[in-house]
Amino acid sequence: MEHIQANPAVAHGQGQNFDTKAIWRTFRILLIITVVELILAIGYYEIDFSNKHFVKHVLNGIFVILTLTKAFYIIAEFMHLGHEIKNLILTLAMPSLLFIWFIIAFLWDGNSYKNLRNNYDPYQKEQSLKKVEAKKPGAAE
Amino acid sequence: MAQAIPAGQKWWSGGKSPYNVEYGKLMMWFFLMSDAFTFGAFLISYGTIRFSSNSWPDPNAVFRSFPGVRGEMPVPLAFVSLMTFILIMSSVTMVLAVANGHANNKYGVAKWMGWTIVGGLAFLSCQAWEWTHLYHEGAWWGRNPFLNIDGTQSSTNFSNFFFTITGFHGFHVFSGVVINIIMLIMTLKGTFEQRGHYLMIEKAGLYWHFVDLVWVFVFTCFYLF
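Residues numbered from 1 in each chain as written. Chains lettered and ligands numbered in written order. Predicted model: local features only at pLDDT ≥ 70, side-chain atom pairs only at ≥ 80, totals over all residues. Heavy atoms only, no water.

Caption draft 1: Structural detail: the packing of helix H1 (residues 23-51) of chain B against helix H5 (residues 157-189) of chain B. Residues and elements named next belong to chain B. Direction vectors running N to C along H1 and H5 enclose 165°, while the axes themselves pass 10 Å from each other. In terms of orientation, H1 and H5 fall into the roughly antiparallel class. Like other packed secondary-structure pairs, H1 and H5 cross with a definite hand, here left-handed. On H5, the residues touching Asp35, Thr38, Phe39, Phe42, Leu43, Ser45, Tyr46 and Ile49 of H1 are Asn157, Phe161, Thr164, Ile165, Phe168, His169 and His172. Of the residues that constitute the contact of H1 with H5, the class distribution is 8 nonpolar, 6 polar and 1 charged. (Axes fitted to C-alpha atoms, helices over the stretch in contact; angles between N-to-C directions. Helix = DSSP H or I, 4+ residues; strand = E, 2+ residues; numbered from the N terminus. Parallel < 35°, antiparallel > 145°, perpendicular 65-115°, else oblique. Left-handed = near helix turned anticlockwise from the far one by under 90°. Contact = heavy atoms within 4.5 Å. Nonpolar A, V, L, I, M, F, W, Y, C, P; charged D, E, K, R; others polar.)

Written out as C-alpha cells, the structure is:
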C-alpha cells in the first residue's frame, strides 16, 4: 500500500485517469502467479516425493502467500483501493483482520475434533482408514 | 505512506466526505465487506470440515476433464485454469470500461462492458459444463463417487461443499452479468452521458472485481489445496 495517490477530485469521478499500462501490468502479474500455482500443483501431482506430507504443507503455504498476493493486486489496482485515501483503506482493512482469528480458530477446532474423535471413537477411525474400491460412474448407490 | 493530498487535510472536521468517495461507491464497498464475510464463512466451514476429516479427495484426480477431450487430460486442472483465465481477463476488460468512463468515452465503455459480459457468460458456460460433467460422474449434493487421496471411503462433504460454494459464486457471477447488461443498456441509451459521469460503471466494476477476487480464493481452496 505504499503507492497511495489520493486525489480529492476522485469523489466526483474526474481528474483521475486510469493508467492503461498499469492495468495490463496487474493482469500480467495475476496471470503469472496463477501459472506458477498451476505448475506447482501439477508438479506435486506428477513427481513422486518420498516425504509427500511435508512437501504438501510447504506447497500449501506457498499457495496461501500467492493467493494473498493476487488478492492484494485485485483489490489495490483493479478495485482501485490502493489509490483511495487512508480513511477508506483502514475502514475496510480493519474489519478484515477478523479473518485472521476466524481462520485460525475454526481450523484449529476442526483439527481438534478430528483428534478427539480418533481417540475416543476407534471404530470410526478404523473405518476411515479402510481402503475401498472406487465405484464406477452410474453404478447403483 | 506518501499521500498526495494537501498537507494537514482534515477529513473529519466537516464540509467534505471523510472517505473521499461517492456515497453509492462507499455503500458498495460496505456491501462487499459483508459479502466477503459470507464467502469467508462458507470457505472456513469447508476448511473446518476438511481439517476434521482423516482424509480428503485429491483435486488433481477429480478435476481432470476437458470439453471435447475423451477420457482424462494428460495434465489435471487444465479446465479450471481456463476458467480462471477467463475471469481474470473479464476483470481486465471491466477496468478498461471504468477507465473509459473516466474519460467520458461512451463508445469505449460500451465496447469493454460488452467484452466483460462475454467473459462472464463464458465463465458461466464453463461452470455449467463442469457441473454437468461432475453430475454424470456421479457427484452431486449428497453423492460423492470420488475416493480420498489415500484410497479410503470419502464422505459426501466434498461434493456438498464444492457444489454449494462454486454454486454460490456462480450465482454471483450470474448477478454480475445481469448488472453488467443493465449498465451496458444504460450506457448505450446515453443515461450516463446525460449525468456527466460514469460512476455506476465503477460500482458495477467493484462488484465484478469482487467476484473475481472470490474466485481466487475458491480456486485455491478447492483446486490447489
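Caption draft 2: Structural view of a nonpolar patch on the surface. Residue and element names in this part refer to chain A. Taken together, the side chains of Leu90, Met94, Leu97, Ile100, Ile104 and Trp108 present a nonpolar region at the surface, about 640 Å² in accessible area. Elements that contribute at least two residues to the nonpolar patch include exactly helix H3 (86-96) and helix H4 (98-120). Among the elements that make up the nonpolar patch, the one with the highest residue count is H4 (3 residues). Residue placement: Met94 occurs in helix H3. Assessed through its relative accessible area of 48%, Met94 is described here as partly exposed. (Patch = residues over 30% accessible without salt bridge, like charges linked within 9 Å, V, L, I, M, F, W, Y side chains within 5 Å. Areas by Shrake-Rupley, 256 points an atom, 1.4 Å probe, with all protein chains shown as cover. Salt bridge = Lys/Arg side-chain N within 4 Å of Asp/Glu carboxyl O. Buried < 20%, exposed > 50% of the residue type's maximum accessible area, 1.4 Å probe, protein only.)

Caption draft 3: Looking closely at the interface of chain A and chain B. The partner chain B presents 71 residues to the 71 residues of chain A that form the contact. The tally of links from chain A across to chain B stands at 1 salt bridge. Between A:Glu84 and B:Lys25 there is a salt bridge, with the nearest N and O atoms lying 3.8 Å from each other. Applying the counting rule to chain A against chain B returns 11 residue pairs in polar contact (both at pLDDT 80 or more). Those elements that provide at least two residues to the side of chain A that touches chain B are helix H1 (20-46), helix H2 (52-78), H3, H4 and helix H5 (122-128) of chain A. Here the element with the most residues in the side of chain A that touches chain B is H1(A); it accounts for 13 residues. Of the residues assigned to the side of chain A that touches chain B, the class counts are 40 nonpolar, 17 polar and 14 charged. (Polar contact = N/O pair within 3.5 Å; in protein donor to acceptor, adjacent residues only side chain to side chain.)

Caption draft 4: Structural view of the packing of aromatic side chains. Taken as a whole and judged by the stated rule, the model has 39 aromatic pairs over all chains. With centroids separated by 5.0 Å and ring planes inclined at 80°, the aromatic side chains of B:Phe123 and B:Trp215 adopt a geometry described as edge-to-face. Residue B:Phe123 is found in helix H4 (residues 106-136), and its partner B:Trp215 is found in helix H7 (residues 199-224); the two are separated by 92 residues along the sequence. The same class applies to B:Phe123 as to B:Trp215, namely buried. Relative to B:Trp141, the ring of B:Trp131 lies with its centre 5.6 Å away and its plane at 75°, an arrangement referred to as edge-to-face. Residue B:Trp131 is located in helix H4, and its partner B:Trp141 is located in the loop between H4 and H5; the two are separated by 10 residues in the primary sequence. Across from the ring centre of A:Tyr44, 4.3 Å away, lies the NZ or CZ of A:Lys52, which sits over that ring. (Phe/Tyr/Trp six-rings, centres within 6.5 Å; stacked < 30°, edge-to-face > 60°. Lys NZ or Arg CZ within 6 Å of the ring centre and 35° of its normal.)

Caption draft 5: Broad picture of the packing of H3(A) against H4(A). Residue and element names in this part refer to chain A. At a minimum axis distance of 4 Å, the contact between H3 and H4 shows a crossing angle of 15°. By the angle between their directions, the pair H3 and H4 is classed as roughly parallel. Between H3, through Met94, Pro95 and Ser96, and H4, the contact on the second element is made entirely by Leu98, Phe99 and Ile100. Looking at side-chain class alone, the contact of H3 with H4 contains 5 nonpolar, 1 polar and no charged residues.

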